[in-house]
Structure formats: structure tokens, C-alpha cells
Amino acid sequence: MAEIKLADVAKLRKMTMAGMMDCKNALAEADGDMERAVEIIREKGKLVASKRADRNATEGVVVSRVVNGTKAYMLCLACETDFVAKTEGFVQAANEILEIAVKNDVADLESLLATKAGDRTVADLVSEKSGQTGEKVELPFYGRIEAPYCAAYVHFNKKLGTVLGFNKEVPAEVAHTVAMQATAMAPVSISEADCPAEVIEHERKIAVEAMKQDPKNANKPEAILEKIAEGKMRKFFEENTLLNQLVVGEKETIAEYIRKADKEATVVAYKRFALGE
């Protein structure tokens, strides 16, 4: 058996981000062959990932970046425990994957998982992180937007965040406030116009059914119930679309707040993610 040198263990650890003992054991199994040791660690990651496939990865870290003010990227690397999520190596891994996304200007999650970094795909890197942590690790979200002016906000707990695009440059404070609002209040869309049809239909059915269940509406014709439901839908859009929501603690809407800074400015792109939602 080849002598396992500390320098080789350190080199393998730098290459794979695996633990010192995992690296030492892999080198021993590979009889000192560095390339084979790397493969052993990668295979271990895939094995751990498959064994823990039925676990819930409900913790993790959200990271984001704005590039040249016109593109914004955000992703979440998820794991099983908050302890792992807060480790330097895990946060570093999330930022390394984000760097790959930015460098390749990746469009969506499926494309990101297939993107190569050297001889490995991002999907491989995620599997390897399972081997390093002993937990289920996955990439549940990746989003990219492009607009004349972009902003990003990640909550201090790094579990939720938002990327926004404006039709023109706005003051940084305005962009930050709107991004914070979106992160905290979780609007379903920018406005009524881009609200998903299935969401509108679902909420409309709930409103109509609520009207029917109310004894006061027992003898009212269907057309009247529909009008009442429309009123409830207007309330839904006021509370659940970004531009129509009230600024937290204020009496003006987000749209009005933005227009105070620039009458022509508005939000044209929006993506939000929160772990556990």
C-alpha cells in the first residue's frame, strides 16, 4: 500500500472539499492514485444522495447576484439541517454554483444542473456535496431575470430572497425597498395582468363558493353573486400583487411609491423564493 502523505490529503481536500478523513480513506482505497481517489469521493456522494433521496431538504442557503445592473441571478442550495447550511463550505458551494450560472448566463434550473464546470456538471457538484455533508443536498431553485435595471435582496437568514427588474434605473433605495417588500409579502405576481390564470380561477371559485355558503346570499341570482365575487377578486389583487400592495407601514401602494421617484418607472420582472414555502 502506498504511503498516504498529508500533503496529498490536503490536495485532495482542496480539489473535492471533502473531509480530511474521507480524503485519507479515499487515497488509501485508491492506493495513492489521486484521480481514482477523486472518483471514489464522487461515487460516495452519489451513494449518499441516493440513500437519502426520501429525506426532506428543508434548510439551506439562498444567494444572489446582480451583474452590470441589467441581469440578476438567484439560487438556493438546500440541505437537511441548519447546522450544515451555516457552514462555510456549504455557503461557499452555493456561491460557486452561482458563479457558474453567472459565467455561463444560464437560463433556467434544468440548464444549470446540466452545465459543466471542468469535467463535472453542476448536478455532480450537488451530489458530491451530499457525500461531504452526509445529508440530502439539492438545488430546488434557480432564477434569472434581465431588465434595464435589476435589484436583488436576500433576507438576513439567507432562507428567502427576491430578484426584481425595472423598466428603467431607479434610486437604489427605492429598488431595495421594493425588493424587501416582495421578499416579505410574497406577492403572487407583479400585477393583475401577469397573475397566473390558474391562480385567478382558483381564487374566483373560492370567492363564489363563499358567497353561496353565506345564508344572506341564498336567494340572490348568480349574476349578483358574480359581481360580489369580482369585488373580492379586486381585494385579492390589492393584497397579493406587488404593484398594488401597500408599502409596509405606509398608505401608498408600491406603484405609487415607485412613481414618486420616477413617474415612468415600474417593475417588469420578478422572481422570489423561500425555503419551506
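Look a little higher up for the structure.
Turning our eyes to something else, we now look at the overall build of the protein chain. Summing up its helical and strand segments, the protein chain has 11 helices and 8 strands in all. The C-alpha atoms of the protein chain give a radius of gyration of 24 Å, which is well past the 19 Å a tight globule of 277 residues would have. Principal-axis analysis of the C-alpha atoms gives the protein chain an extent of 85 × 45 × 30 Å. The proportion of buried residues among the 277 residues of the protein chain is 43%. Total accessible area on the protein chain is roughly 15000 Å²; 51% of this is exposed by carbon and sulfur atoms.

Once that is clear, we can look at the environment of E209. Mapping E209 onto the fold places it in helix 9 (residues 197-213). We classify E209 as partly exposed; its relative accessible area is 40%. With 184 residues separating them along the chain, E209 and N25 place their C-alpha atoms 63 Å apart.

Attention shifts here to the pattern of salt bridges. Taken as a whole and judged by the stated rule, the model has 15 salt bridges. For E59, the salt bridge goes to K159, with nearest N and O atoms at 2.6 Å. Placement of the pair is E59 in strand 1 (residues 59-67) and K159 in the loop between strand 6 (149-154) and strand 7 (160-166), with a sequence separation of 100 residues. Residues E59 and K159 agree in their burial class; the two are buried. Linking K86 and D82 is a salt bridge whose minimum nitrogen-to-oxygen distance equals 3.1 Å. What makes D82 partly exposed here is its relative accessible area of 27%.

In sheet architecture, strand pairing relies on hydrogen bonds along the backbone and comes in two forms, parallel and antiparallel. Across the sheet, 3 strands lie side by side as 1-2-5; this open sheet has antiparallel pairing. Sheet topology places strand 1 and strand 5 (138-146) at the edges, where each strand pairs with a single neighbour. Pairs of neighbouring strands in the sheet enclose a mean axial angle of 10°, with direction left out of account. As paired strands, strand 1 and strand 2 (residues 71-79) are joined by 9 bridges and run antiparallel to one another. Opposite V67, over in strand 2, you have K71 as the bridge partner.

So, about the packing of aromatic side chains. Under the counting rule described, the total for this entry stands at 3 aromatic pairs. Centroid distance F141 to F273: 4.9 Å. Interplanar angle 15°. Geometry classified as stacked. In this pair, F141 is assigned in strand 5 and F273 in strand 8 (residues 267-274), connecting sequence segments 132 residues apart.

With that out of the way, let us pick up the pairing of strand 7. Of all 7 residues in strand 7, 7 are buried; the element is thus mostly enclosed. Burial along strand 7 is two-sided: L160, T162, L164 and F166 and G161, V163 and G165, pointing in opposite directions, are all buried. Here 6 bridges tie strand 6 to strand 7, and the two strands are oriented antiparallel to one another. Among the inter-strand pairings, A152 is bridged to a residue of strand 7, identified as V163. Counting the residues that bridge the hairpin from strand 6 to strand 7 gives 5 residues, and of these K158 lies at a positive phi of roughly 60°. Looking at chain direction, strand 7 and strand 8 are connected through 7 bridges and run antiparallel. Bridge assignment links V163 to a residue of strand 8, and that residue is K271.

Definitions and cut-offs
- Residues numbered from 1 in each chain as written.
- Predicted model: local features only at pLDDT ≥ 70, side-chain atom pairs only at ≥ 80, totals over all residues.
- Heavy atoms only, no water.
- Helix = DSSP H or I, 4+ residues; strand = E, 2+ residues; numbered from the N terminus.
- Rg over C-alpha atoms; globule rule 2.2 N^0.38 Å.
- Buried < 20%, exposed > 50% of the residue type's maximum accessible area, 1.4 Å probe, protein only.
- Areas by Shrake-Rupley, 256 points an atom, 1.4 Å probe, with all protein chains shown as cover.
- Salt bridge = Lys/Arg side-chain N within 4 Å of Asp/Glu carboxyl O.
- Pairing = 2+ DSSP bridges.
- Axes fitted to C-alpha atoms, helices over the stretch in contact; angles between N-to-C directions.
- Phe/Tyr/Trp six-rings, centres within 6.5 Å; stacked < 30°, edge-to-face > 60°.

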